[in-house]
Amino acid sequence: MKTHHIPVVVIGGSQSGLAASWCLKQRGIEHIVFERNTVANAWRDQRWDTFCLVTPNWQCTLPGFSYTEEYGGTDPDGFMVRDEIIRYIEAYRRHFSPPLLEYTPVHKVCQHELGFEVLAGDERYIAADVIVATGAYHQPRLPELNSEFPDHVLQLHSSTYRNPEQIPEGDILIVGSGQSGCQIAEDLHLAGRRVHLAVGSAPRAPRRYRGRDVTAWLVDMGHYDITVDEHPLGEAVRHKTNHYMTGRDGGREIDLRRFAQEGMQLHGRLTGLSDDHLHFDDSMPSNLDAADASAERIKQEIDKWIASNGIDAVTEDPYVPCFQPQGGNSQISLRAEQPERLAAVIWATGFSSDYPWLDVPAFDEQNQIAHWRGGSRRIDGLWVLGLPWMVTWGSGRFSGVARDADYISTCISERNRELQVSSV
């Protein structure tokens, strides 16, 4: 096995790994980027056909490659769909030609007297620093209940859903009402399918308010600059469910009450399966109320900002719920002979992180890489990039990865100088 010595190894070749590469290249730091598949692979293989960003295109500011300037995007207030996102990332790669090896999986990372030993592809690399830029969404998370479903019900995870034509004729249940669950429910609903949605506690957000996209207000108000250390929830904010909305067709908020008024069947949390029936609890009405309250709190914060800054903005009428659900538990029959039989269930139940190749004592009690601003709390020279709320709300998005990548590359540059001085 051939051995190479290189200052920095970056693992992951999507937007985070490429952002790290750009920043390292600007500082003249030699490095290599490993990608087990191809650039933007997760965007290709784990997103449905109509997937789109929920943040405006003007927030896509990869380091050295903003949407409007270097990329030349013409719809800054729009929302890139999946294929456009892939083209944006591919264009970023062409923009600066990173030292990227595709289809080169990393098999193992372990500590070495000079830093780290990385086994990638068929070769061995010795590096002083390693940046893990593989994101947080590795293994689809499925509840144990999925093993109890009859064979005639197709089961998909949100990462394997593509389009309505993929689903056989019949009713469709979506479990999970976060961003993915709500947007997939909308996709199927707009296609005329009969959809059941198990509504959880995910909050919702308005899309536009008082004449502007809500994201623009929140940026002005400094929400994207609040760090984990400053947030009232502290590190617990990393586990908070994102607000649901969509960028589809130019962007709109998702109001599950309106979907219900149009025929979507809403349920509470899925609690079990017995006697050929799925059973749900009675939490749906209170979950809808809580989601509405979350959206109203965002509006109230914006109102205060407008008033305190003397901004001349249009006013809007208060939100009025268009649908009031009935309380009580509900159920769905799984019997194949039923005229409105359940054809499929889509589990929008999230992902778990998995680093089987990272053989170093860097993990906390939740099996996550323990870090502060991307730097390992336990091992010098190990870094992580692109995680949700790694530093700020934008860390796991196109809007914040540049700042995080710049910080990490600066730390690596200073650390390399210190190592060089100590070795003299």
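Our subject is the structure listed above.
Residues numbered from 1 in each chain as written. Predicted model: local features only at pLDDT ≥ 70, side-chain atom pairs only at ≥ 80, totals over all residues. Heavy atoms only, no water.

*Asks:* For the layout of surface pockets, give the residues involved together with the corresponding values.
*Replies:* Estimated volume of the second largest pocket: approximately 440 Å³. The wall of the second largest pocket is formed by 17 residues, among which H223, H231, K240, H243 and W393 lie closest to the centre. Sort the elements by how many residues they give to the lining of the second largest pocket and helix α7 (residues 284-308) lands first, with 4 residues. (1 Å grid on protein atoms, 1.4 Å probe; cavity = no way out; pocket = protein on both sides within 12 Å on 5 of 7 lines; lining within 4 Å. Points joined across faces, edges and corners; volume = space filled by probe spheres on them. Helix = DSSP H or I, 4+ residues; strand = E, 2+ residues; numbered from the N terminus.)

*Asks:* Would you mind going over the packing of aromatic side chains in detail, with residue names and values included?
*Replies:* Applying the stated rule across the entire model yields 17 aromatic pairs. With a centroid separation of 5.6 Å and an interplanar angle of 25°, the aromatic rings of F65 and Y88 are classed as stacked. A residue pair is termed long-range when its members are at least 10 positions apart, and F65 in strand β5 (residues 65-66) and Y88 in helix α3 (residues 82-96) qualify at 23 residues. Taken individually, F65 and Y88 each receive the classification buried, so the pair is uniform in this respect. Aromatic pair Y71 and Y88: ring centres 5.1 Å apart, planes at 75°, arrangement edge-to-face. Of this pair, Y71 sits in the loop between β5 and α3 while Y88 sits in helix α3; the two residues are 17 residues apart in sequence, bridging distant segments of the chain. (Phe/Tyr/Trp six-rings, centres within 6.5 Å; stacked < 30°, edge-to-face > 60°. Buried < 20%, exposed > 50% of the residue type's maximum accessible area, 1.4 Å probe, protein only.)

*Asks:* Describe the sheet that holds strand β12 (residues 154-157), and please don't skip the residues or the numbers.
*Replies:* Within the open sheet, the 5 strands sit side by side as β12-β21-β13-β14-β17. Their pairing is parallel. The open sheet has two free edges, formed respectively by β12 and β17 (265-267), since each of these has just one partner strand. Averaged over all pairs of adjacent strands, the angle between strand axes in this sheet comes to 20°, irrespective of strand direction. Relative to strand β14 (residues 195-198), strand β13 (residues 171-175) runs parallel, the two being bridged by 4 bridges. Residue V175 lies in a different strand from β14, and its bridge partner there is A198. (Pairing = 2+ DSSP bridges. Axes fitted to C-alpha atoms, helices over the stretch in contact; angles between N-to-C directions.)

*Asks:* A description of unusual backbone geometry should follow, citing residues and the corresponding values.
*Replies:* Within the chain, A40 stands out as a residue other than glycine whose phi angle is a positive 65°. Relative to the helices and strands, A40 resides in the loop between β3 (31-34) and α2 (41-45). Of the residues examined, A40 reaches a relative accessible area of 0% and is grouped as buried. Phi is positive for Y103, close to 50°, though the residue is something other than glycine. Residue placement: Y103 occurs in the loop between β6 (100-101) and β7 (106-112). Accessibility expressed as a relative area gives 59% for Y103, which makes it exposed.

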